[in-house]
Amino acid sequence: MRPEEAAWIGDVLARLGPERISPLLELGSSTLEFRTVEKPHIEALIHRPLRDRGVRVVHADLKGGPGIDISGDIYDPAVREAVKAVGARSILCCNILEHLADREAFIRTCDEVLSPGGVLLLTVPRSYPLHLDPIDTYYRPTPEALAALLPDYALVETRVIRSGSHLSDLRERGSALREVLATFWRSLILRGGPARTRARLHRLAWLFRQYLISAVVPRKPGPQP
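So, a few notes on the structure that sits alongside this text. From a predicted model like this one, the values you see are computed outputs, not experimental measurements.

Overview of the pairing of strand S5 (residues 119-127)
Working step 1: Burial of S5 is extensive: eight of the nine residues sit out of reach of the surface.
Working step 2: Note: strand S4 (residues 90-94) against S5, five bridges, orientation parallel. By the bridge assignment for S5, cysteine 94 is matched with threonine 123.
Working step 3: After leaving S4, the chain enters helix H6 (residues 103-113) and then returns to the sheet as S5, a path that is right-handed.
Working step 4: Across six bridges, the pairing between S5 and strand S7 (residues 212-219) is antiparallel. Note that in S7 the partner of valine 119 across the bridge is arginine 219.

In structure tokens:
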């Protein structure tokens, strides 16, 4: 999750009363270390404000680890029942759909576990290089195409979020020139294999292109809390 993306999500959630979004189910949340150390903007802009408002957040991920409340494949009946038992009034699902072979099945599952009248916050890259986790289908929808996955939902908000470039990321790490040269060297020796090498080189196309993220907030039919 990019910092500008986290800021937008935090702003949307701040405009929704706690009774409308709690409990919030975060799918693909990763671990506490990821959210607070590797990507501290997630903690600062989303989770801390939610805790301050008394919103209960349930973290779910395919893998297990500290800070993950429900772990396992959401298509597993036992895991799905555990997720459904949360009674989520909101679901946060960021940068997952591009990594799924069957995104429609995943969206149906989100619909199944979301309470009537609840909201779903979805983000997916719009302009972004390949990033394997473990696959990238290169699904890069417009907000309108993303919202079309849930045609019966009322669209609360849409946004194309702008968020830096590969060059700005490299500058944050130190010397951009050194990082670019290192990328070419790793590619020459096929470090990580052909697929990783292709993704590494693909990222160079965004040295001067801005990253874009499609974001939508659809609301499920039914009475609001």
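Here we look at the packing of aromatic side chains
Working step 1: All chains considered together, the criterion is met by one aromatic pair.
Working step 2: If you follow arginine 103 out to its NZ or CZ, it ends over the ring of tyrosine 139, 3.8 Å from the centre.
Working step 3: The ring centre of tryptophan 206 lies 3.9 Å from the NZ or CZ of arginine 209, which sits over that ring.

Some details on the packing of helix H5 (residues 77-84) against H6
Working step 1: Contact pair H5 / H6: the axes reach a minimum separation of 9 Å and the direction vectors enclose 45 degrees. Taken together, the axes of H5 and H6 lie oblique to each other. Remark: the crossing between H5 and H6 carries right-handed chirality. Contacts between H5 and H6 pair Arg80, Val83 and Lys84 from the former with Thr109, Glu112 and Val113 from the latter.
Working step 2: Taken together, the residues of the contact of H5 with H6 break down into two nonpolar, one polar and three charged.

Regarding the pattern of salt bridges
Two side chains bearing opposite charge may form a pair once their charged atoms approach each other closely.
Working step 1: This model, assessed by the stated rule, comprises 11 salt bridges.
Working step 2: For the salt bridge of lysine 84 with glutamate 112, the shortest nitrogen-to-oxygen distance reads 3.8 Å. Within this pair, whereas lysine 84 is found in helix H5, its partner glutamate 112 is found in helix H6, the two being separated by 28 residues in sequence.
Working step 3: On the basis of relative accessibility, which here comes to 37%, the residue lysine 84 falls in the partly exposed class.
Working step 4: One salt bridge connects aspartate 111 with lysine 220, and the closest N-O pair in it is separated by 3.8 Å. Placement of aspartate 111 in helix H6 and of lysine 220 in the segment after S7 is noted, with a sequence separation of 109 residues between them.
Working step 5: In this structure aspartate 111 comes out as partly exposed when scored by relative accessible area, which is 28%.
Working step 6: Using a relative accessible area of 14% as the deciding quantity, one classes lysine 220 as buried.
Working step 7: Among the ionic contacts, a cluster of salt bridges with common partners joins Asp11, Arg15, Glu157 and Arg159.

Rules used in this analysis
- Residues numbered from 1 in each chain as written.
- Predicted model: local features only at pLDDT ≥ 70, side-chain atom pairs only at ≥ 80, totals over all residues.
- Heavy atoms only, no water.
- Buried < 20%, exposed > 50% of the residue type's maximum accessible area, 1.4 Å probe, protein only.
- Helix = DSSP H or I, 4+ residues; strand = E, 2+ residues; numbered from the N terminus.
- Pairing = 2+ DSSP bridges.
- Right-handed = clockwise from strand over helix to strand, strands pointing away.
- Phe/Tyr/Trp six-rings, centres within 6.5 Å; stacked < 30°, edge-to-face > 60°.
- Lys NZ or Arg CZ within 6 Å of the ring centre and 35° of its normal.
- Axes fitted to C-alpha atoms, helices over the stretch in contact; angles between N-to-C directions.
- Parallel < 35°, antiparallel > 145°, perpendicular 65-115°, else oblique.
- Left-handed = near helix turned anticlockwise from the far one by under 90°.
- Contact = heavy atoms within 4.5 Å.
- Nonpolar A, V, L, I, M, F, W, Y, C, P; charged D, E, K, R; others polar.
- Salt bridge = Lys/Arg side-chain N within 4 Å of Asp/Glu carboxyl O.

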